[in-house]
Amino acid sequence: MRSAKDFFRPLAVGAPEPLREIPARPSRALHFFDPSNEKMAAKVPGMVGTADVLLGNLEDAVRADNKVAAREGLLRIARETEFAATQLWTRVNALDSPWFLDDITTLVPAIGDKLDVVMIPKVQGAEDIHYVDRLLAQLEAKAGLRRPLLVHAILETARGVANVEEICGASPRMQGLSLGPADLAADRRMKTTRVGGGHPGYLVRQDPESADPEAIRSTQRTTYQQDLWHYTIARMVDACATHGIFPYYGPFGDIADLVACEDQFRNAFLLGCVGAWSLHPTQIEIAHRVFSPSVDDVRHARRVVAALQVDGGDGTGAVMLDGKMEDDASLKQCLVMVELAEQLAKVDPALAEQYAALEIDP
Ligand code: GLV
Ligand code: MG
């Protein structure tokens, strides 16, 4: 057993002190780029400020013979680009791959001061995070880094899902979790071949109107497609909230289907996620819009806060607004919206303008 007192001690002499709280930095879109793809890499400096997070991907989708080029490309981009408020993340190769050790031992000394978060794929349990935690501390100490790198785990194995709570609590570096629907489907032996999203076969059907077997066979009944990922996302959200870290939807592979992409992202937002991956610039706009509280939601939330807190109240008791009861608990829900809107407005001028207009016309 490790004493609670030791939890926030650096794991290597000279490594920076672990953070006690993970900052809630806007990360609505984690936009993936392949640093070995010269055309894509050349666009990265111009994308600063267009996505909350730019993420140099070294893992799946980068060909084995391009792994070194991707790593080198990321070093070059990180050194040559001024990222300002945009975060730079990377997804390194999996811990059991031939590339992970070189990824981490190359990136941390060279660009550890530029990187915000290291995404670790295929995390199975707390032991994976403990390994990365100590290794990062040793590398940070050696490189003289002043700020600890944060770790984000992708939930994409059945064992990872079974161990989700212990993964989230395994290190003060843990920043968040992403759903990895493609690898997770394969590992669970699910029978979908899509990257994220729903499946028309996963449905429930309206009850028959008659018990007559012929009518049951021949009458058309409405079906409702269900969400394959609901259970996993709900577990992720609870595990992350328990440990004060952030949950994300992962990839949505059907780039042409912007509508279904938006639906999946919105479900994740409503359930508690703070962002999603973007695999194409068109998905950045969707993620930024969907993971920002709507003007209507912010208007309502501010009215509830005003009614219960500002107008002389202390946030307790109940009031009626538009025929609906609002109390201490709905005030807390509204504060989640208001605080998120305030954080996002600081980095998104268009959003700030929309929310500010509300002040004039509440
Ligand atoms: C992402 O990495 C996934 O496997 O879906
Ligand atoms: Mg994966």
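Calculation notes
Residues numbered from 1 in each chain as written. Chains lettered and ligands numbered in written order. Predicted model: local features only at pLDDT ≥ 70, side-chain atom pairs only at ≥ 80, totals over all residues. Heavy atoms only, no water. Helix = DSSP H or I, 4+ residues; strand = E, 2+ residues; numbered from the N terminus. Buried < 20%, exposed > 50% of the residue type's maximum accessible area, 1.4 Å probe, protein only. Contact = heavy atoms within 4.5 Å. Areas by Shrake-Rupley, 256 points an atom, 1.4 Å probe, with all protein chains shown as cover. Lys, Arg positive; Asp, Glu negative; His and termini not counted. Charge placed at Lys NZ, Arg CZ, Asp CG, Glu CD. Pairing = 2+ DSSP bridges. Axes fitted to C-alpha atoms, helices over the stretch in contact; angles between N-to-C directions. Disulfide = S-S within 2.5 Å. Core = buried A, V, L, I, M, F, W, Y, C linked by side-chain atoms within 4.5 Å. Near = heavy atom within 4 Å. Polar contact = N/O pair within 3.5 Å; in protein donor to acceptor, adjacent residues only side chain to side chain. Donors = N, O, S within 2.8 Å, 3.2 Å for Na, K, Ca; no water. Expected span 1.5 Å × (residues − 1). Phe/Tyr/Trp six-rings, centres within 6.5 Å; stacked < 30°, edge-to-face > 60°. Lys NZ or Arg CZ within 6 Å of the ring centre and 35° of its normal. Right-handed = clockwise from strand over helix to strand, strands pointing away.

**Student:** Mind laying out the overall build of the chain, listing which residues take part and the relevant values?
**Tutor:** Counting its secondary structure elements, the chain contains 14 helices and 12 strands. Overall size of the chain, expressed as C-alpha extent along the three principal axes, is 70 × 65 × 50 Å. Each of the 362 residues in the chain was classed as buried or not, and the buried ones make up 46%. Summarising the internal contacts of the chain: among those between residues at least 6 apart in sequence, 73% fall at separations of at least 24. For the chain, the exposed area adds up to about 18200 Å²; of that, 53% sits on carbon and sulfur atoms. Averaging the coordinates of the 38 positive side-chain charges in the chain and doing the same for the 51 negative ones gives two points 5 Å apart.

**Student:** Can you tell me about the sheet that holds strand E5 (residues 150-155), naming the residues and giving the values?
**Tutor:** The strands making up a sheet associate through backbone hydrogen bonding, with each pair oriented either parallel or antiparallel. Strand order in the closed barrel made by the 8 strands is E1-E2-E3-E4-E5-E6-E9-E10, with parallel pairing throughout. Strand-to-strand twist across the sheet, computed as the mean angle between neighbouring axes with direction ignored, equals 25°. With 4 bridges joining them, strand E1 (residues 29-33) and strand E2 (residues 53-57) adopt parallel strand pairing. Directly across from Phe33, in E2, lies its bridge partner Gly56.

**Student:** Lay out the state of the cysteines in plain terms, naming residues and giving numbers.
**Tutor:** By the definition in use, this model includes 0 disulfides. Of all cysteine sulfurs in the structure, the one in Cys273 sits closest to Cys261, which takes part in no disulfide; the separation is 13 Å.

**Student:** Describe in detail the nonpolar core, supporting the description with residues and values.
**Tutor:** The biggest cluster of nonpolar side chains holds 81 residues, and the ones touching the most others in it are Leu177, Tyr249, Phe265 and Phe291. No other element matches the 6 residues that helix H4 (residues 126-143) contributes to this core. Setting aside residues up to four positions removed in sequence, Leu177 forms contacts with His152, Ala153, Leu155, Val164, Ile167, Cys168, Met236, Cys240, Phe246, Pro247 and Tyr248. By size, the runner-up hydrophobic cluster in this structure holds 8 residues, among which are Ala301, Val305, Leu308 and Cys334.

**Student:** I'd like a rundown of the site of ligand 1, residues and numbers included.
**Tutor:** The environment of ligand 1 is formed by Arg91, Glu156, Gly180, Pro181, Ala182, Asp183, Pro251 and Trp277. Contacts to ligand 1 include Ala182, whose backbone N or O atom sits 2.7 Å from an oxygen atom. Contacts to ligand 1 include Asp183, whose backbone N or O atom sits 2.8 Å from an oxygen atom. Protein coverage of the free-state accessible area of ligand 1, which is 190 Å², stands at 93%.

**Student:** Run through the coordination of the magnesium ion (ligand 2), naming residues and quoting values.
**Tutor:** In the first shell of the magnesium ion (ligand 2), the protein supplies Glu156 (OE) and Asp183 (OD), at 2.1 to 2.2 Å from the metal. Highlighted residues: Glu156 in the loop between E5 and helix H5 (158-162) and Asp183 in helix H7 (residues 181-188), separated in sequence by 27 residues. Residue classification places Glu156 among the buried residues on the basis of a relative accessible area of 4%.

**Student:** Can you lay out helix H9 (residues 230-243) for me, pointing to particular residues and giving the numbers?
**Tutor:** With 14 residues, H9 should reach 20 Å at 1.5 Å per residue; the first-to-last C-alpha distance of 20 Å fits that figure. Regarding H9, the residues found buried are Thr232, Ile233, Met236, Val237, Ala239 and Cys240. With its phi angle positive at about 70°, Gly244 sits one or two positions after the end of H9.

**Student:** Go over the packing of aromatic side chains, please, and point to the residues and values.
**Tutor:** Evaluation of the coordinates by the stated rule reveals 7 aromatic pairs. Positioned over the ring face of Trp99 is Lys67, at 4.9 Å from the centre of the ring.

**Student:** Run through the side chain of Arg91, naming residues and quoting values.
**Tutor:** Its place among the elements puts Arg91 in strand E3 (residues 87-91). With relative accessibility at 7%, the residue Arg91 sits in the buried group. A polar side-chain atom of Arg91 sits 3.2 Å from a polar atom in the side chain of Glu59. Within polar-contact distance, the side chain of Arg91 engages the backbone oxygen of Asp60 at 2.9 Å. Those residues in contact with Arg91 that sit more than four places away from it in its chain are Phe32, Leu55, Gly56, Asn57, Leu58, Glu59, Asp60, Met119, Pro121, Ile154 and Trp277.

**Student:** An account of the environment of Ser294 is needed here, citing residue identities and associated values.
**Tutor:** Tracing the backbone shows Ser294 in the loop between helix H11 (281-290) and helix H12 (295-310). Taking relative accessible area as the criterion, Ser294 reaches 34% and is therefore assigned partly exposed. It is 8.8 Å that separates the C-alpha atoms of Ser294 and Ala341, two residues lying 47 residues apart in sequence. A polar contact is formed between the side chain of Ser294 and the backbone nitrogen of Asp297, at a distance of 3.0 Å.

**Student:** Could you give an account of the pairing of E2, with specific residues and numbers?
**Tutor:** If a strand is regular, its side chains alternate between the two faces of the sheet. Of all 5 residues that make up E2, 5 are buried, and the element is covered over most of its length. Neither face of E2 is open: one carries Val53, Leu55 and Asn57, the other Leu54 and Gly56, and all of them are buried. In this fold, E1 hands off to helix H1 (residues 38-47), which returns the chain to E2; that crossover is right-handed. Note: E2 against E3, 5 bridges, orientation parallel. The residue of E3 that forms the bridge with Asn57 is Arg91.

Any functional reading would require information beyond the geometric quantities listed.
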